[in-house]
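Chain by chain, the residues:
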Amino acid sequence: MDLFEYMREQNQKTEAPLASRLRPETLEEMVGQQHIIGKDKLLYRAIKADKLSSIILYGPPGTGKTTLAKVIAKTTSADFLQINATSAGKKDMEEVIRQAKDSRGMYGKKTILFIDEIHRFNKGQQDYLLPFVEDGTVILIGATTENPYFEVNGALLSRSVIFELKSLSKDDLKSLILRAVNDTEKGMGAFHAVIDGEALEFLADMANGDARAALNAVELGILTTERGPDGLIHITPAVAEECIQKRAVRYDKSGDNHYDTVSAFIKSMRGSDPDAAVYYLARMLYAGEDIRFIARRIMICASEDVGNADPMALVVAASAAQAVERIGMPEAQIILSQAVTYVASAPKSNAAVMAVSDAMDAVKNTMTAPIPVHLMDAHYKSSAKLGHGAGYKYAHDYPNHYVEQQYLPDGLVGRRFYHPSENGYERKIREYFRQIKGEYSDEI
């Protein structure tokens, strides 16, 4: 290392953003991700034993993908090279491979190649790496915010172990924020700042699992806030709001306000008020609610409150749930809005809910009621001897593909569980029953 490189590293330690300065240097310093770097986990053991194979680190921004790669760099005896797929070209990759071959040939050293944003590489670039990963010239660590099964070459995936990093929990973020405020070596401890409990809760909540967002807000708050009469810098909720550019909405994800908002959201969809429903959707999104939780509530409402009055409601809701998983915020809010307004605007019926509720009550009292013999399976060997399936009438052999025969067990014949409403598509269901069953349908 020459003098200029040494000075650059020293300046980096003092002038780099807080999020960079606080990067852990050991696995023990890392916060969160214990599902993959806990002491009994495969990745922890592989790093500690310096026996790492090629891996793909996949997860949202700010969850520690680059940090984990840097920790590996400080832990391993292998050479560590890093490129970013957003700016690296073919010449960069060729140079990396040349260095890796030289290290292996001259010194017998392995080379770990960390590629940030690996999903940015096109197919040709990923194909170029494949033989060198396969023959061990480089051990690949790829980092991506996108689903690797969609964005990374299948051949590379088959030669790598995929580790999914989760968004940091609120407690993890609170721990990091306090470390940032109080650490005098790498953090902002020398500024003698204190953070209010409410501001701590707010920043941890608003960061939504992103450590970088939380630490950037802390740094901005401390550097731009004047000292109080006691000589300390106070990070209050008002300061926190300014630093993260969000108003502190009263919305504790485990408290009453959370449940009240969700309740109002569902009742607005059920009550066919799309304006109110999308307003409560926006409140939840603004407060950082998990989009997967919101999508689940929409699916439940689509089945529970819309049901067969508009069967497409559940299709729209389920498609939205899948789409938000793949796309994430902020675009996911558009998809959720589409689903919410559709479900809220759809005709309503809870006939399916009542049907299964009544049927469950009946089952409790008739668990041993024998299934009619003609409905029993006639395909296994002894069924013919037992007369199973005998007398069954195949509906498609009859006019309108319907034939009257007993389907319910004895004792339940004539019992009605499903009472389709007059709303939406269920009106057509009632008309269909009238057509095929005549007067029988009037009892439905």
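Residues numbered from 1 in each chain as written. Predicted model: local features only at pLDDT ≥ 70, side-chain atom pairs only at ≥ 80, totals over all residues. Heavy atoms only, no water.

Glancing now at the overall build of the protein. Within the protein one finds 21 helices and seven strands. Summarising the internal contacts of the protein: among those between residues at least 6 apart in sequence, 72% fall at separations of at least 24. By element, 52% of the accessible surface of the protein is carried by carbon and sulfur atoms, the whole surface being about 24500 Å². (Helix = DSSP H or I, 4+ residues; strand = E, 2+ residues; numbered from the N terminus. Contact = heavy atoms within 4.5 Å. Areas by Shrake-Rupley, 256 points an atom, 1.4 Å probe, with all protein chains shown as cover.)

Within the largest apolar cluster, 32 residues are counted, with the highest numbers of intra-cluster contacts made by I177, I195, L203, V218 and I222. Of all the secondary-structure elements, those providing two or more residues to this core are α2 (18-21), α10 (170-182), β6 (193-195), α11 (197-206), α12 (211-224), β7 (233-235) and α13 (237-244). Setting aside residues no more than four positions away along its own chain, I222 makes contact with V181, M188, F191, A193, I233 and I235. (Core = buried A, V, L, I, M, F, W, Y, C linked by side-chain atoms within 4.5 Å. Buried < 20%, exposed > 50% of the residue type's maximum accessible area, 1.4 Å probe, protein only.)

One way to put it is that α10 packs onto α11 with a least axis distance of 9 Å and a crossing angle of 120°. Classified by the interaxial angle, the pair formed by α10 and α11 is oblique. Crossing geometry of α10 relative to α11 is assigned as right-handed. Facing K170, L173, K174, I177 and L178 of α10, the residues of α11 in contact are L200, E201, L203, A204 and D205. (Axes fitted to C-alpha atoms, helices over the stretch in contact; angles between N-to-C directions. Parallel < 35°, antiparallel > 145°, perpendicular 65-115°, else oblique. Left-handed = near helix turned anticlockwise from the far one by under 90°.)

Compared with an ideal rise of 1.5 Å per residue, which puts 14 residues at 20 Å, helix α18 (residues 332-345) spans 20 Å between its outermost C-alpha atoms and is within 8% of the ideal. Regarding α18, the residues found buried are A332, I335, L336, A339, V340, V343 and A344. The buried side chains of α18 occupy one side of the element, clustering within an arc of 155° when seen end-on. α18 presents I334, Q338 and S345 as exposed residues on the side facing more than 90 degrees away from its buried surface. (Expected span 1.5 Å × (residues − 1). Arc of directions from axis to C-beta.)

Next up on the list: the pattern of salt bridges. As enumerated under the stated definition, the model contains 15 salt bridges in all. The closest approach of N and O atoms between E134 and R159, which form a salt bridge, is 2.7 Å. Highlighted residues: E134 in helix α7 (residues 123-134) and R159 in the loop between α9 (154-158) and β5 (161-164), separated in sequence by 25 residues. Classification of E134 as exposed rests on a relative accessible area of 52%. (Salt bridge = Lys/Arg side-chain N within 4 Å of Asp/Glu carboxyl O.)

All right, on to the sheet that holds strand β3 (residues 111-116) then. With parallel pairing, five strands are arranged side by side in an open sheet as β2-β3-β4-β1-β5. At either end of the open sheet lies a strand with only one pairing partner, and these are β2 (79-84) and β5. Going from strand to strand, the sheet's axes swing by 15° on average, the running direction of each strand aside. Where strand β1 (residues 55-58) lies against strand β4 (residues 139-144), four bridges are found, and the strand directions are parallel. Its bridge partner being in β4, Y58 is matched across the sheet by T144. Against the sheet, helix α6 (residues 90-107) engages β2 and β3, with an angle of about 175° to β2. (Pairing = 2+ DSSP bridges.)

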